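An overview of the molecular structure
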Amino acid sequence: MSEDYRRNNPSDAIVKQMVLIDIRNMLQSMGKDIKSFPLPEIDNTYDDACGVPREIFEESNIESTEDDVALSESLNNEQRAAYDEILSSIDSNDGGLFFVDGPCGTGKTFLYRALLAKVRSQNKIAVATAMSGVAASIMPGGRTAHSRFKIPLTIDSGGYCSFTKQSGTTTLLRTASLIVWDEVSMIKKQAVEALDNSMRNIMDRPDLPFGGKTVVFGGDFRQVLPVVKKGSRAQIVDASLRRSYLWDYMRHLKLVRNMRAHNDPWFAEYLLRIGNGIEAANADGEIRLPDEICVPYTGDGNDLDRLIQCIFPNLNENMADTDYITSRAILSTRNDWVDRINMKMIGSFQGGEVEYHSFDSAVDDPHNYYPSEFLNTLTPNGLPPHVLKLKVGCPIILLRNIDPANGLCNGTRLVVRGFQRNTIDAEIVLG
Ligand SMILES: Nc1ncnc2c1ncn2[C@@H]1O[C@H](COP(=O)(O)OP(=O)(O)OP(=O)(O)O)[C@@H](O)[C@H]1O
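Source: prediction; values computed, not measured.

As a further point, take the overall build of the protein chain. Within the protein chain, the regular secondary structure consists of 17 helices and 11 strands. Taking 2.2 N^0.38 as the reference for a compact globule, 431 residues should give roughly 22 Å; the C-alpha atoms of the protein chain span a radius of gyration of 24 Å, in line with that estimate. Its C-alpha atoms give the protein chain principal-axis dimensions of roughly 65 × 65 × 50 Å. Relative to its 431 residues, the protein chain shows a buried fraction of 38%. Partitioning the intrachain contacts of the protein chain with sequence separation of at least 6 by distance along the chain shows that 62% fall at a separation of at least 24. Here the protein chain displays about 24800 Å² of accessible surface, and carbon together with sulfur accounts for 52% of that area.

Next up, the structure:
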């Protein structure tokens with residue numbers, strides 16, 4: 001970080017201040033305060049935000065590209081109707097809630113991008129969020145909803161977001177003309193209701209949903225629903241936004257035409273049949289995948305190698321090609337399988353291997369019930385394995401929101417370019 005600043009600034013003191021300001025901003029975006037760390041005092045003279053809350057400063061500096069501004073000209077009829085309706089709600093005083101309802105590939109993201117560009121080109125603030133970091137990162141200025149709205153990780157009905165009335169988040173949300181929240185079908189209704197409660201409060205309009213803002217939700221209930229640990233089907237459905245009191249306030253904007261289908265119409269229709277529950281299934285509700293999209297299982301011990309060979313053919317000739325690396329992926333349902341597949345894949349890459357080890361120890365464990373050998377075998381969500389093996393050129397995925405404003409958020413895909421003792425040099429390739 002300091003090296004970047006040093007190029008334009010010979011003074012050590014100024015470089016130090018600029019780095020401290022960056023660290024403060026990153027900590028702020030994670031909901032932390034630099035004052036709780038033993039770091040030198042900050043001199044705000046070097047802060048380019050000049051006292052404007054960081055959230056507003058960043059949002060007002062998002063510049064829409066020419067391509068994004070031009071998107072509105074190529075909307076299809078359904079997208080155009082939704083676009084016009086949402087824009088006219090922004091101009092009204094009482095806002096409105098919208099749910100963009102479309103199966104995968106019907107151009108929901110395309111529509112959000114067109115809306116965000118239009119609103120920002122009028123020098124208004126548009127806040128773009130999604131449930132996952134990956135979906136957030138394909139919208140300009142996108143953030144995960146949890147980090148943007150400070151939604152508590154566990155939340156009951158009637159809860160509130162954890163920003164205060166004096167915070168930068170409050171100023172941002174009060175000023176915003178449009179809020180977009182994608183993948184809301186995957187989020188628990190209590191999280192959306194918490195934002196509703198907080199918005200009614202900060203806007204001082206307790207009788208209007210979201211305090212009279214224009215909020216565009218999007219998602220597809222045919223895809224993934226909220227996670228309810230050990231929840232039954234009924235509990236999962238009950239946790240979804242469709243069961244919220246807010247659902248009835250939403251104007252439903254349907255997108256039906258599949259804009260991705262021209263690449264692979266058969267697959268688009270197949271996914272739609274599964275999502276709509278009309279694909280043939282056996283008595284246990286299981287669907288048989290057609291042979292032409294399967295790598296057959298033989299049980300001879302080489303199945304995983306065959307799968308890797310099929311998805312990543314000629315890996316070593318193509319490993320420098322970022323398009324090749326990022327346009328394919330092997331997904332797995334369990335973390336221990338992900339680790340096994342990763343180990344095999346790393347073995348297939350050319351070049352020297354570097355190993356990073358975690359430091360696992362249990363706090364307050366005087367009888368050593370949790371020895372580090374045991375802790376090292378655990379594969380919890382969101383943490384890398386105890387032994388992380390990497391090679392230059394291999395793809396990696398970020399598991400934390402380190403610097404969302406600069407594209408480093410949970411789900412960003414990168415390619416390893418080099419190694420330091422405690423850090424990895426990597427280049428963002430997607431997200
Ligand atoms: N009006 C349009 N004109 C041209 N291309 C479009 C249009 N709308 C969408 N597309 C293209 O169709 C593809 C799918 O669109 P998009 O990603 O917005 O769909 P989505 O509904 O968000 O899909 P998913 O639910 O899978 O995320 C993209 O390549 C997008 O650029």
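Anyway, onward from the coordinates.
At a closest axis distance of 11 Å, the pairing of helix H13 (residues 303–311) and helix H16 (residues 335–348) adopts a crossing angle of 70 degrees. By the angle between their axes, H13 is roughly perpendicular relative to H16. The two elements H13 and H16 cross, and the hand of that crossing is right-handed. On H16, the residues touching Leu-304, Asp-305 and Ile-308 of H13 are Trp-337, Ile-341, Lys-344 and Met-345.

Applying the stated criterion across every chain yields a total of 12 aromatic pairs. An aromatic cluster is present here, built from Phe-149, Trp-181, Phe-210 and Phe-217 joined pairwise through their rings. Arg-242 extends its terminal NZ or CZ atom over the ring of Phe-221, reaching a point 5.3 Å from the ring centre. We note Arg-328 situated over the ring of Tyr-324; from NZ or CZ to the ring centre the distance is 4.0 Å.

Annotation of the protein chain at the domain level lists domain 1 (3–51), domain 2 (66–254), domain 3 (261–291) and domain 4 (300–430). Taken together, the 6 residues of domain 2 in the interface contact 6 residues of domain 4. Between domain 2 and domain 4 lies a buried interface of about 430 Å² when both sides are counted; carbon and sulfur atoms form 58% of it. Among the residues of domain 2 in contact with domain 4, Gly-133, Val-134 and Arg-143 are the three that bury the most area, contributing 62% of the side total. Joining domain 2 to domain 4, the criterion identifies 0 salt bridges. Put simply, domain 2 and domain 4 have 0 residue pairs in polar contact (both at pLDDT 80 or more) between them.

So, on to the UniProt feature "domain: DNA helicase Pif1-like DEAD-box helicase" (unreviewed entry) in the protein chain. If you check UniProt for "domain: DNA helicase Pif1-like DEAD-box helicase" (unreviewed entry), the listed places come out as residues 75–278 in our numbering. Taken end to end, residues 75–278 comprises 39% helix and 14% strand; its first and last C-alpha atoms sit 30 Å apart.

Moving on to the pairing of strand E5 (residues 214–219). Extensive coverage of E5 is indicated by the burial of 6 of its 6 residues. Because side chains alternate across E5, one face comprises the buried residues Thr-214, Val-216 and Gly-218, and the other comprises Val-215, Phe-217 and Gly-219, equally buried. Alignment of strand E1 (residues 96–101) against E5, held across 6 bridges, turns out to be parallel. The residue of E5 that forms the bridge with Leu-97 is Val-215. With 4 bridges connecting them, strand E4 (residues 178–182) and E5 associate as parallel partners. For Leu-178, the partnering residue across the bridge sits in E5 and is Thr-214. In this view, the connection linking E4 to its parallel neighbour E5 by way of helix H10 (residues 189–202) has right-handed handedness.

Taken across its 5 residues, strand E2 (residues 126–130) has 5 buried, putting it largely inside the fold. Burial along E2 is two-sided: the face carrying Ala-126, Ala-128 and Ala-130 and the face carrying Val-127 and Thr-129 are both buried. Across 5 bridges, E2 lies against E4 in parallel orientation. The residue bridging Thr-129 from the neighbouring strand is Trp-181, located in E4. Relative to strand E3 (residues 143–144), E2 runs parallel, the two sharing 2 bridges. Within the sheet, the bridge partner assigned to Ala-130 lies in E3 and is Thr-144.

Inspection of the region around the ligand gives 15 residues, with Ser-74, Gln-79, Lys-108, Thr-109 and Phe-110 positioned closest. Gly-105 places a main-chain nitrogen or oxygen 2.9 Å from an oxygen atom of the ligand. Residue Phe-110 places a main-chain N or O atom 2.9 Å away from an oxygen atom belonging to the ligand. In isolation the ligand offers 630 Å² of accessible surface; the protein chains occlude 69% of this area.

A few words on the nonpolar core. Judged by nonpolar contacts, the single largest core of 31 residues is most densely connected at Phe-149, Trp-181, Val-192, Leu-195, Phe-210 and Phe-217. Residue assignment for this core shows that the elements contributing at least two residues are E1, helix H8 (145–149), helix H9 (168–175), E4, H10 and E5. Of all hydrophobic cores here, the second largest spans 26 residues; its members include Ala-82, Leu-87, Tyr-112 and Ala-136.

Here we come to H16. In this model, H16 (14 residues) spans 20 Å end to end at C-alpha, consistent with the 20 Å of a helix rising 1.5 Å per residue. Taken residue by residue, H16 has Asp-339, Ile-341, Met-345 and Ile-346 as its buried positions. One face of H16 carries all of its buried residues, which in axial projection span an arc of 170 degrees. Seen from the buried face of H16, the exposed residues on the opposite side, beyond 90 degrees, are Arg-340 and Gly-347. Taken together, the buried residues of H16 touch H13, helix H14 (315–318) and strand E8 (387–390).

Conventions and cut-offs
- Residues numbered from 1 in each chain as written.
- Predicted model: local features only at pLDDT ≥ 70, side-chain atom pairs only at ≥ 80, totals over all residues.
- Heavy atoms only, no water.
- Helix = DSSP H or I, 4+ residues; strand = E, 2+ residues; numbered from the N terminus.
- Rg over C-alpha atoms; globule rule 2.2 N^0.38 Å.
- Buried < 20%, exposed > 50% of the residue type's maximum accessible area, 1.4 Å probe, protein only.
- Contact = heavy atoms within 4.5 Å.
- Areas by Shrake-Rupley, 256 points an atom, 1.4 Å probe, with all protein chains shown as cover.
- Axes fitted to C-alpha atoms, helices over the stretch in contact; angles between N-to-C directions.
- Parallel < 35°, antiparallel > 145°, perpendicular 65-115°, else oblique.
- Left-handed = near helix turned anticlockwise from the far one by under 90°.
- Phe/Tyr/Trp six-rings, centres within 6.5 Å; stacked < 30°, edge-to-face > 60°.
- Lys NZ or Arg CZ within 6 Å of the ring centre and 35° of its normal.
- Domains from an automatic or database assignment.
- Buried area = accessible area lost by both parts, 1.4 Å probe.
- Salt bridge = Lys/Arg side-chain N within 4 Å of Asp/Glu carboxyl O.
- Polar contact = N/O pair within 3.5 Å; in protein donor to acceptor, adjacent residues only side chain to side chain.
- UniProt positions renumbered as here; feature names shortened; annotations may be inferred.
- Pairing = 2+ DSSP bridges.
- Right-handed = clockwise from strand over helix to strand, strands pointing away.
- Near = heavy atom within 4 Å.
- Core = buried A, V, L, I, M, F, W, Y, C linked by side-chain atoms within 4.5 Å.
- Expected span 1.5 Å × (residues − 1).
- Arc of directions from axis to C-beta.

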